[in-house]
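Chain residues, written in single-letter form:
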Amino acid sequence: MKRYILPLLLLLTVTSTASAQNNKDHNFEVAKHLDIFNQVYKNLELLYVDTLNPKETIGTGIAAMLASLDPYTEFYAQDETKNLKMMLTGKYAGIGALIRKHQKLDRIVIDEPYAGMPAAEAGLKKGDVILSIDDSMMTDKPVGYVSDHLRGEPGTSFLLKVMRPSTGKMMNFKITRRNIKLPELPYYGIQDSTVGYINLNQFTEGCAKEVRRAFIDLKKRGATSLVLDLRGNGGGSEQEAVDILNLWLPKGITVVDNRGKIKQASKEYKTRMEPLDTVMPMVVLVNSETASASEITSGAIQDLDRGVILGTRTYGKGLVQVPIDLPYNTNMKVTTSKYYIPSGRCIQAINYKKGSGGYREHIPDSLTKVFYTKNGREVRDGGGIMPDVELRADTIPNIAFYLSASGQDSTEVMFDYVVDYIAKHPTIASPAEFHLTDAEWQAFKERVIKSGFTYDPVSRKQFEQLVKTAKFEGYYDDAKAAFDELETKLSHDVAFALDRYEQTLRQIVESEIISAYYYQAGAIEASLGYDKQLKEAIRVLKSPEEYKKILAPQKKKETSSIIGIGEKLAGNITFQPKMREIYSVIA
């Protein structure tokens, strides 16, 4: 026995000494480079020909330091902390509307008021041009500036002056700001008589309660199966994801495990309440924009064989961030751990490497490892959640993107058509029944053509690149006739594209019109009528044998490299939610 104990003690002593030395060397390097940075700035402040702006200069240094890490570790200056708060809660104080810049008018306009919010209640409509806020002119200001002035302390009032394009009249609205909650659950309802449908677009504080209420209501209305739509859901609070999973999973199940460098950054999350329904068949819809807390939700349901995942591979964000308060009312959020779902896998798709400017390394499928669901089905780590039923959504034609986007004068033609349509139609049919007439579609088509609308077809760009390559390699002259013929066939024809993609373009215009009358909920309801992924989900739910076959137990292969989620002990820390990134300009 002594033969083994003595070498082991020596090994532990050497390891401990090496570890202490490594820590000492690391701490010295940290102190050295902080001292160097401090001396560099002191000498710049003393000697540089111009006076330095410390906020800009040091801020640039902070930004460069964080750029060498992952994109989720961010610093928030004093005037940006409200953005962090909004990410955490989904709440802000303002009027409750999306605004945008109208390129042709060179003005900021109302894009979409939120249902039941001050902007909608005051009577603001899509297309209203913002002229002034109280005594401050807004006609020459950027979107961010106008948005900041529309927001403010809840309970404060201001006078908003707008011009309504359909009439040309100036209109004044007295609006009182209040706390606005971004709609995390914009729509739920019954599809095909018995299939419940819930659309969840973010995991902000309190969303689990909203999903719970919706699910109970759907069951009362006769739902015998469920579709949970997480497409485009960028995530948010980890605890909300756990509480939502708890609706369909038994109490006491570990659904996610955070593992960080220090004990305080590690935590196991278990379901903590009795569920509402553990047997109802369910399908979760996902796509490439399903990320973070959405992947915890869909991944846990897949790993525990609680439902079928349908759509396309998810984003692959397996990192957890926590907010930290810094001096002078500044903040940062820091990536502190990776999360692991019930099979034991982490679905992080990208390794973020340190270095000058940082770089990304996408984990190839060939290097991912196999894990197993509760029933023994194979799943993999390192690349998001691969759906059980893979089905791509219909692609959007290039012309539709340019007609819908804001950027050039000609791209406002769809926006202006919708604004004029609203002015001429006080009401429209319900979202599920509204459609443009053939005459209305023809009017839209003619308007697009007369406006001089142009866009850059991808095929044209690729053709031009091919011509350049052929000339460089010396093939162009011999093949010039063929190139000329191909160029003729690829000639820009907006009328042809409008006819070719009429069905898709009709749906987009109809959706824009519907949202002006029935808000986001109405647009979602209307879109479900031609949603092929939803139709496939309903078909699977209405085919019990196929549903069971997808989730059927498989023979589990022996492996020694897989660690289940329950095999790791985690430390305790107060919950800190993960962040979702918010791109909309809101007021």
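Further up the page is the structure itself.
Keep in mind it's a predicted model, so treat the numbers as computed, not measured. (Residues numbered from 1 in each chain as written. Predicted model: local features only at pLDDT ≥ 70, side-chain atom pairs only at ≥ 80, totals over all residues. Heavy atoms only, no water.)

A.B. asks: Is there a simple way to think about the sheet that holds strand β12 (residues 225-229) in this case?
C.D. replies: Sheet strands line up and pair through hydrogen bonds in the backbone, either parallel or antiparallel. Here we have 6 strands laid out as an open sheet, ordered β10-β11-β12-β15-β16-β23, and mixed in their pairing. At either margin of the open sheet sits one strand with a lone partner, and together these are β10 (187-191) and β23 (389-390). Of the strand pairs in this sheet, β10 and strand β11 (residues 195-199) are connected by 5 bridges, and their pairing is antiparallel. When the sheet's bridge partners are listed, glutamine 191 is paired in β11 with valine 195. Against the sheet, helix α8 (residues 293-303) touches β12, β15 (282-286) and β16 (308-311), its axis set at about 140 degrees to β15. (Pairing = 2+ DSSP bridges. Helix = DSSP H or I, 4+ residues; strand = E, 2+ residues; numbered from the N terminus. Contact = heavy atoms within 4.5 Å. Axes fitted to C-alpha atoms, helices over the stretch in contact; angles between N-to-C directions.)

A.B. asks: Help me understand the pattern of salt bridges, please; the structure alone is not making it clear to me.
C.D. replies: A side chain with one charge can pair with a side chain of the opposite charge if their charged atoms come near. Inspection of the entire model under this criterion finds 28 salt bridges. Between aspartate 217 and arginine 221 there is a salt bridge, and its shortest N-O distance comes to 3.4 Å. On the basis of relative accessible area, arginine 221 is assigned to the partly exposed category, the value being 44%. Aspartate 531 is paired through a salt bridge with arginine 231; the nearest N and O atoms lie 2.6 Å apart. Of this pair, aspartate 531 sits in the loop between α15 (502-527) and α16 (532-541) while arginine 231 sits in the loop between β12 and α7 (238-245), and the two are 300 residues apart along the sequence. (Salt bridge = Lys/Arg side-chain N within 4 Å of Asp/Glu carboxyl O. Buried < 20%, exposed > 50% of the residue type's maximum accessible area, 1.4 Å probe, protein only.)

A.B. asks: Can you help me understand the packing of aromatic side chains in this one?
C.D. replies: The geometry of an aromatic ring pair is captured by the separation of the ring centres together with the interplanar angle, meaning the angle of the planes. Under the defined criterion, the tally for this structure stands at 10 aromatic pairs. Ring geometry for tyrosine 417 versus tyrosine 421: centroids 6.3 Å apart, planes at 40 degrees, classification tilted. Remark: tyrosine 421 and tyrosine 417 occur in helix α10 (residues 413-424); sequence separation between them is 4 residues, near one turn of the helix. Classification of tyrosine 421 by relative accessible area gives buried; the value is 7%. A ring pair is formed by tryptophan 441 and phenylalanine 444, whose centres lie 5.5 Å apart and whose planes are at 40 degrees; its orientation type is tilted. (Phe/Tyr/Trp six-rings, centres within 6.5 Å; stacked < 30°, edge-to-face > 60°.)

A.B. asks: When you look at helix α11 (residues 438-450) in this model, what are you seeing that I'm missing?
C.D. replies: Quick reminder: α-helices carry 3.6 residues per turn. Residues three or four places apart thus point the same way. Over its 13 residues, α11 extends 18 Å from the first C-alpha to the last, a length consistent with the 18 Å expected when each residue adds 1.5 Å. Every buried residue of α11 is accounted for by Glu440, Trp441, Phe444, Lys445 and Val448. The buried residues of α11 all sit within an arc of 140 degrees when viewed along its axis, so they share a single face. Pointing more than 90 degrees away from the buried face of α11 are the exposed residues Asp438, Ala439 and Lys450. Elements in contact with the buried residues of α11: α9 (398-404), α10, α14 (494-500) and α15. Directly after α11, the chain includes glycine 452, whose backbone phi takes a positive value near 80 degrees. (Expected span 1.5 Å × (residues − 1). Arc of directions from axis to C-beta.)

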